[in-house]
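The primary structure of each chain is shown beneath.
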Amino acid sequence: MVGRWKVEINFADGNKRSLRFEAQDHGKGTFLLLDPALSRWGPAKPSEAKWTVGDQNSVTFSGTVEFPIGNVGRDPGTLTFKGNFETPDAITGEVEFAPLVGERPSKHGTFKATRTQ
């Protein structure tokens, strides 16, 4: 699991996002949002993430992110990825975004992570 991963997210509402997940030793890591809208906000800042490998090629990783909303705001929340290794360099599965602000339901979708280093 240790290494750099590009993660492509497809939410059920049609919204697409991508981020870089840097998986480090001992279940630690960072998320870095890759979003063209961030050019209006300045460079993205990494946020803390964590990961665990389970039985039968399963893996879970999670952390907080702030998705930009238009050019006026941010949507902070926790992303939780639950997937399986298709190959040593590819993971697919389901993702949930739980908003940290307001009384809104979580967003669900699918993801594919590809090792880049």
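Quick caveat: nothing in here was measured; it's all calculated off a predicted structure.

Q: What is the right way to look at the packing of aromatic side chains in this model?
A: For any pair of aromatic rings, geometry is given as the distance between the ring centres together with the angle between the planes. By the definition in use, this model includes ten aromatic pairs. An angle of 85 degrees between the planes, with centres 5.7 Å apart, marks the rings of Phe61 and Phe111 as edge-to-face. Pair noted here: Phe61 is in strand S5 (residues 58-69) and Phe111 is in strand S8 (residues 107-115), with a separation of 50 residues, a long-range link. Judged by its relative accessible area of 4%, Phe111 falls in the buried class. When the ring of Phe67 is compared with that of Phe97, the centres are 5.0 Å apart and the planes differ by 50 degrees; the resulting orientation is tilted.

Q: Sorry if this is basic, but what is going on with the nonpolar core here?
A: Generally speaking, soluble globular proteins have nonpolar side chains that are buried together. Counting residues in each nonpolar core, the largest one holds 24 residues, and the members touching the most others are Met1, Val7, Leu19, Phe21, Phe61, Leu79 and Phe81. Secondary structure elements with two or more residues in this core: strand S1 (3-11), strand S2 (16-23), strand S3 (28-33), strand S4 (47-53), S5, strand S6 (73-87), strand S7 (90-99) and S8. The residues contacting Leu19, other than those within four sequence positions of it, are Trp5, Lys6, Val7, Ile9, Phe31, Leu32, Leu33, Leu34, Val65, Leu79 and Phe81.

Q: Mind showing me how you'd approach the sheet that holds S7 here?
A: By definition, the strands of a sheet pair up through backbone hydrogen bonds, in either a parallel or an antiparallel sense. The sheet built from eight strands closes into a barrel, its strands ordered S1-S2-S3-S4-S5-S6-S7-S8 with antiparallel pairing. Adjacent strand axes in the sheet meet at a mean angle of 30 degrees when their direction is disregarded. Summarising the sheet, S3 and S4 pair through four bridges and their orientation is antiparallel. Within S4, the position partnered with Gly29 by the bridge is Ala49.

Conventions adopted
- Residues numbered from 1 in each chain as written.
- Predicted model: local features only at pLDDT ≥ 70, side-chain atom pairs only at ≥ 80, totals over all residues.
- Heavy atoms only, no water.
- Phe/Tyr/Trp six-rings, centres within 6.5 Å; stacked < 30°, edge-to-face > 60°.
- Helix = DSSP H or I, 4+ residues; strand = E, 2+ residues; numbered from the N terminus.
- Buried < 20%, exposed > 50% of the residue type's maximum accessible area, 1.4 Å probe, protein only.
- Core = buried A, V, L, I, M, F, W, Y, C linked by side-chain atoms within 4.5 Å.
- Contact = heavy atoms within 4.5 Å.
- Pairing = 2+ DSSP bridges.
- Axes fitted to C-alpha atoms, helices over the stretch in contact; angles between N-to-C directions.

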